[in-house]
Each structure stands twice: as structure tokens, then as C-alpha cells.
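Take a look at the letters that make up each chain.
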Amino acid sequence: MAEILLYHHIQGLTDGIQAFAEELRQAGHTVHTPDLFEGRTFGSLEEGMEFARETGFDTLRARGAAAAEDLGPELVYVGFSFGVTIAQKLAQTRPGARGALLMHSCIPMSEFGESWPDGVPVQLHGMQGDEFFEEDLPAARELAKSASAAELFVYPGDQHLFTDASLDAFDEEASKLLMDRVRTFLASV
């Protein structure tokens, strides 16, 4: 079973993100879910972004990196949207990563180094009509092409945070398929 460090999206550590983590725990994985927003959740992307701007993106990312320091190096890093900025950086730069699951977002690899690390499998997930993921799709395709073990899954629909069952954007069918793929991925790392 994998040890997972899971970073929430811009609306916080919502009930839907906690349910996603719990589903992975039920499958036998150890899942850490640091709350970068210190208990705050937001009803919209805009409210979450405003909080992140006020707090400082660097401050929030530093909280995420600090959560990893207390854990061993052999982690699977999971990020949802904003959380991808932390998960991807750690997967690319922290030695010992066992894998990465990047949901709803992808950062150009060049932000964190010259290439994706050898031997670190990665899955990327997003919706084809999601305006935010569409911006990140070129970076996701580049990462998927360059990594030795990479899969890029693009789902029909236009919702950004479609995996969060506590939000209106939730897409049950796409989320079920994504979870099946995540379980297969985790069984292989």
C-alpha cells in the first residue's frame, strides 16, 4: 500500500476532498491531508483565490512543503488544482517520490526543473471543457510525453473540480472512472 500526501484545491480541505482521501484509506493506503487554509473552506473559486492572494501563495505553498518534511521520502504526491502546484513540485524535486497524481491542473515542468524524474510515474486528470485545465493542457501533454511512465486522462465535460462530491461541479460518472484509474495507479507504485 502507498503512503500519500494529498493537497487540497483552492476552496480548501472540503468534505469532498476528505471523502476522496477516505476512499483511498478504505483501500488500505495511508493518506495525509494537510489543511493549508487552517480550517477555512470557501463556497466559490473566487473566494478561495481571494483568501490565497491575501494569505500569499508562497506562504500556502510553504505550508504544503513543511507537511512533507515530517514524512519519509517515499510518498505519492496528490494535488487537486491549486494543490498540484505543491504536489508536482515535490514529485519533481524531492528525492524518493513513488509517484504523482495531478488533478485538474498541471504546471510546466520547467518551473521545477529540466525534466520529470526518471522512475516516477504520473497520472494527470482533467475535463476537456474546463477553462482552467485547457490552459494547462499543453503542459500536461508535454509532461505525459516526456515521462517514462505517464498517463493523461481527459474527461468529457466542463467542470473544474469535478472530483469533489461536496461541490456543484461534482461529476459522479467521471469521478468514479478517475478513482478506478487512481486505484490501478496506486496498486502499481
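See above for the structure.
Keep in mind the model is a prediction, meaning the values are calculated, not measured.

Caption draft 1: Region of the structure containing the sheet that holds strand S3 (residues 76-80). The 6 strands are arranged S2-S1-S3-S4-S5-S6 in an open sheet whose pairing can be described as parallel. In the strand order of this sheet, the two ends are held by strand S2 (30-32) and strand S6 (150-155), each with one partner. Pairs of neighbouring strands in the sheet enclose a mean axial angle of 15°, with direction left out of account. Judged from the 4 bridges that link them, strand S1 (residues 3-7) and S3 form a sheet pairing that is parallel.

Caption draft 2: Looking closely at the packing of helix H1 (residues 15-26) against helix H6 (residues 172-188). The N-to-C vectors of H1 and H6 enclose an angle of 45°; their axes lie 11 Å apart at closest approach. Regarding the angle of H1 to H6, the classification is oblique. Considering the relative orientation of H1 and H6, their crossing is right-handed. Here Phe20, Glu23 and Leu24 of H1 come into contact with H6, specifically with Leu178, Met179, Val182, Arg183 and Leu186. Residues belonging to the contact of H1 with H6 are distributed by class as follows: 6 nonpolar, no polar and 2 charged.

Caption draft 3: Geometry of the nonpolar core. With 36 residues, the main nonpolar core has Trp116 and Leu143 as its most contacted residues. When residues of this core are traced back to their parent elements, those giving at least two are S1, helix H2 (45-55), helix H3 (57-69), helix H4 (84-93), strand S4 (99-103), strand S5 (122-127) and helix H5 (131-146). Looking at this core element by element, the count peaks at 6 residues for H5. In contact with Leu143, not counting residues within four places along its chain, are Gln88, Leu102, Cys106, Met109, Trp116, Val122, Leu124 and Ala150.

Rules used throughout
- Residues numbered from 1 in each chain as written.
- Predicted model: local features only at pLDDT ≥ 70, side-chain atom pairs only at ≥ 80, totals over all residues.
- Heavy atoms only, no water.
- Pairing = 2+ DSSP bridges.
- Helix = DSSP H or I, 4+ residues; strand = E, 2+ residues; numbered from the N terminus.
- Axes fitted to C-alpha atoms, helices over the stretch in contact; angles between N-to-C directions.
- Parallel < 35°, antiparallel > 145°, perpendicular 65-115°, else oblique.
- Left-handed = near helix turned anticlockwise from the far one by under 90°.
- Contact = heavy atoms within 4.5 Å.
- Nonpolar A, V, L, I, M, F, W, Y, C, P; charged D, E, K, R; others polar.
- Core = buried A, V, L, I, M, F, W, Y, C linked by side-chain atoms within 4.5 Å.
- Buried < 20%, exposed > 50% of the residue type's maximum accessible area, 1.4 Å probe, protein only.

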